[in-house]
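Listed below are the residues making up each chain.
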Amino acid sequence: MGFGRALVPHLAVRPSQRALSTSRALRTPSSLPVTSQQPVFFDRITLRGPDNKEYDRIPAFRVLDGEGNVLDTVEGDWLKALQEIPEEVLVKMYATMLRLPALDTILGSSQRQGRISFYLTSHGEEGAIVGSAAAWDNTDEVFAQYREVGVLLWRDWPLSTLMAQVFASASDVTTKGRQMPCHYGAEHFHTISSPLATQIPQAAGAAYALKRTPGREKSCVVCYMGEGSTSEGDFHAGLNMASVLGGPVVFFVRNNGFAISTPASQQYHGDGIAARGPGYGIETVRVDGNDPLAVYLACVEARKRAVAGQCPILIEAMTYRVGHHSTSDDSSAYRSAAAVESIKKLDSPLFRLRRYLESRSPPLWSPALEESTKATDKKQIMAAFSVAENEKKPPLDAMWEDVYEGMERPQREQREELRRLVGKWGETKGWKKELARFQGGKEAFLKD
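These remarks concern the structure in this document. (Residues numbered from 1 in each chain as written. Predicted model: local features only at pLDDT ≥ 70, side-chain atom pairs only at ≥ 80, totals over all residues. Heavy atoms only, no water.)

**Considering the packing of helix 2 (residues 87-112) against helix 3 (residues 126-133)**
Put simply, helix 2 and helix 3 touch, their axes get as near as 10 Å, and they point 140 degrees apart. Looking at the two axes, helix 2 sits oblique to helix 3. Crossing handedness for the pair helix 2 and helix 3: right-handed. Where helix 2 abuts helix 3, its residues Met-93, Thr-96, Met-97, Leu-100 and Pro-101 lie against Glu-126, Gly-127, Val-130 and Gly-131. In terms of residue class, the contact of helix 2 with helix 3 is made up of 5 nonpolar, 3 polar and 1 charged. (Axes fitted to C-alpha atoms, helices over the stretch in contact; angles between N-to-C directions. Helix = DSSP H or I, 4+ residues; strand = E, 2+ residues; numbered from the N terminus. Parallel < 35°, antiparallel > 145°, perpendicular 65-115°, else oblique. Left-handed = near helix turned anticlockwise from the far one by under 90°. Contact = heavy atoms within 4.5 Å. Nonpolar A, V, L, I, M, F, W, Y, C, P; charged D, E, K, R; others polar.)

Set out below in structure tokens:
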């Protein structure tokens, strides 16, 4: 694995037939560290790895093959780092990855049944999400996109709190029933926003704040995004801001091949997202996102560099979105089911890590443990699901709280308008049923 200083870009310049004339009397401006006596046009860079091998494309760091075996080419410090991963981390990593599809299956199905309004799954990306989550400190500030619930599961976020957010129930202490499902918020996990890439400049600003905050010298900011978000202007603004101002931040890109229905081939022409990092002077690494242990090791190193250097680091994790973009998407309209099934069979992050754990001596996982864990997960998820589904939503009046210090005129007008409508239509069948879902119902809302 190599970061910016280990993978050194260099140009192979072919002399042209004609070169621009130059004068020795001309001074070289200090802003031009390298000059050439002929114009140099290029559309890519060549990378030289720690082994002095040259790469035409940015290599992806990996330690496990598709069968979960350690690659023979993993050696030296990285083999040692792999062997030194604590057993409890390995087991928790896989157990958390195993819980994700169980959660996704239940909540995805419940949306199809009309029991929740919306959902996003992590199918196929469990290794990138949980492998990275295991590398962060629990007090690191996370700015997520919307597919990173695995970070919260790794941090032992209660299922009851997660379900309260999904159902927008009165127990939703983080977003108070005002956010779409999957837009979680928690301590050190900043509330998710629907618009793409808004979290990127926010993360850059948070990193700059950490840099200037006594007592947070060992903390780091982590910013997750998909490769689709990197097409937004906020990506470029955020990376440039982080590069110039500094501050400990790891930008983690899940390149899962699709921005909703747009394939990566139609999103960019260059060598992925990692190729953009050096343009901002940011140390960058690409990793096999379906290799949870490679992701973990790369993220541990990235975080170490970000904190020590008080600087940004860019990680591109190459993975594949097995599920639909969301419950509002039908991916069969733009990709074949056969292609998805092929990836599921040949490059499953769950399979790779499970086989690795089973191959350890003594084994760290077994078929019996697999079945018991799945059964326990399903039972706990359904218990939290049932409680949240049957709990009432916050009172209607809570809709206008926390916006300003006091109720401003627009909020007062909105509340009065809703009171008028509730008073007029509140006893009709549809309104009456809906109002009964809120704490206090119609009576509490109309009460002066």
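Text resumes after the structure shown.
**With respect to helix 2**
With 26 residues, helix 2 ought to run about 38 Å at 1.5 Å a step, and its terminal C-alpha atoms sit 39 Å apart, in line with that. Positive backbone phi, at 80 degrees, marks Gly-114, one or two positions downstream of helix 2. (Expected span 1.5 Å × (residues − 1).)

**Points about the side chain of Asp-288**
Among the secondary structure elements, Asp-288 is positioned in strand 11 (residues 283-288). Reaching out from Asp-288, the side chain makes a polar contact with the backbone nitrogen of Asn-290 at a distance of 3.0 Å. Not counting residues within four places of it along the chain, the set of residues in contact with Asp-288 comprises Ala-60, Phe-61, Arg-62, Val-295, Met-318 and Arg-352. (Polar contact = N/O pair within 3.5 Å; in protein donor to acceptor, adjacent residues only side chain to side chain.)

**Some words on the packing of helix 2 against helix 11 (residues 367-390)**
It is at 10 Å that the axes of helix 2 and helix 11 come closest, and there the two elements cross at 45 degrees. Taken together, the axes of helix 2 and helix 11 are oblique relative to one another. You can see that helix 2 and helix 11 cross each other, and the crossing is right-handed. In this structure, helix 2 uses Tyr-94, Ala-95, Leu-98, Arg-99, Ala-102, Leu-103, Ile-106, Leu-107 and Ser-110 to contact helix 11, whose residues at the interface are Glu-370, Thr-373, Lys-374, Asp-377, Lys-378, Gln-380, Ile-381, Met-382 and Phe-385. Here the residues of the contact of helix 2 with helix 11 are counted per class, giving 10 nonpolar, 3 polar and 5 charged.

**Some words on the nonpolar core**
With 75 residues, the main nonpolar core has Met-93, Leu-103, Leu-162, Met-163, Tyr-184 and Leu-293 as its most contacted residues. Beyond its immediate chain neighbours, meaning those up to four positions away, Met-163 contacts Leu-103, Leu-107, Ile-381, Ala-384, Phe-385 and Ala-388. Of all hydrophobic cores here, the second largest spans 22 residues; its members include Ala-197, Ala-203, Ala-242 and Phe-251. (Core = buried A, V, L, I, M, F, W, Y, C linked by side-chain atoms within 4.5 Å. Buried < 20%, exposed > 50% of the residue type's maximum accessible area, 1.4 Å probe, protein only.)

**Focus on a nonpolar patch on the surface**
A grouping of Val-40, Phe-42 and Ile-45 is seen on the molecular surface, where their side chains present a nonpolar patch of about 240 Å² in accessible area. Tracing the chain through its elements places Phe-42 in the loop between strand 1 (8-10) and strand 2 (46-48). On the accessibility criterion, Phe-42 (53% relative accessible area) is exposed. (Patch = residues over 30% accessible without salt bridge, like charges linked within 9 Å, V, L, I, M, F, W, Y side chains within 5 Å. Areas by Shrake-Rupley, 256 points an atom, 1.4 Å probe, with all protein chains shown as cover. Salt bridge = Lys/Arg side-chain N within 4 Å of Asp/Glu carboxyl O.)

**Topic: the packing of aromatic side chains**
In this description, an aromatic ring pair is defined by two values, namely the gap between the centres and the angle between the planes. Throughout the structure, instances matching the rule amount to 8 aromatic pairs. For the pair Tyr-94 and Trp-365, a centre-to-centre distance of 4.9 Å together with 75 degrees between the ring planes defines the contact as edge-to-face. With Tyr-94 in helix 2 and Trp-365 in the loop between helix 10 (349-359) and helix 11, this pair connects stretches of sequence that are 271 residues apart. Classification of Trp-365 by relative accessible area gives buried; the value is 5%. With a centroid separation of 5.1 Å and 80 degrees between ring planes, the pair formed by Phe-167 and Phe-385 is classed as edge-to-face. Taken together, the residues Phe-167 in helix 5 (residues 159-167) and Phe-385 in helix 11 connect sequence positions 218 residues apart. Each of the two residues, Phe-167 as well as Phe-385, counts as buried. (Phe/Tyr/Trp six-rings, centres within 6.5 Å; stacked < 30°, edge-to-face > 60°.)

**Side note on the environment of Thr-376**
The topology assignment puts Thr-376 in helix 11. We classify Thr-376 as partly exposed; its relative accessible area is 39%. Residues Thr-376 and Arg-99 lie 277 residues apart in sequence; the distance between their C-alpha atoms is 9.6 Å.

**Concerning the environment of Gln-199**
Note on placement: Gln-199 falls in helix 6 (residues 199-211). For the pair formed by Gln-199 and Asp-234, sequence separation is 35 residues and the distance between their alpha carbons is 8.4 Å. Beyond its immediate chain neighbours, meaning those up to four positions away, Gln-199 contacts Phe-143, Ala-144, Gln-145, Cys-223, Tyr-224 and Met-225.

**Considering the sheet that holds strand 4 (residues 60-61)**
An order of 4-11-12-8-7-5-6 is seen for the 7 strands of this open sheet, with the pairing classed as parallel. Only two strands of the sheet have a single neighbouring strand rather than two, namely strand 4 and strand 6 (189-190). Inspection of the sheet shows strand 4 paired to strand 11 by 2 bridges, in the parallel sense. Bridge pairing in strand 11 links Ala-60 to Arg-286. (Pairing = 2+ DSSP bridges.)

**Regarding the pattern of salt bridges**
Tallying each qualifying case throughout the model produces 35 salt bridges. Each of the salt bridges in this network shares a partner with another, and the network as a whole consists of Arg-62, Asp-288, Asp-291, Asp-347 and Arg-352.

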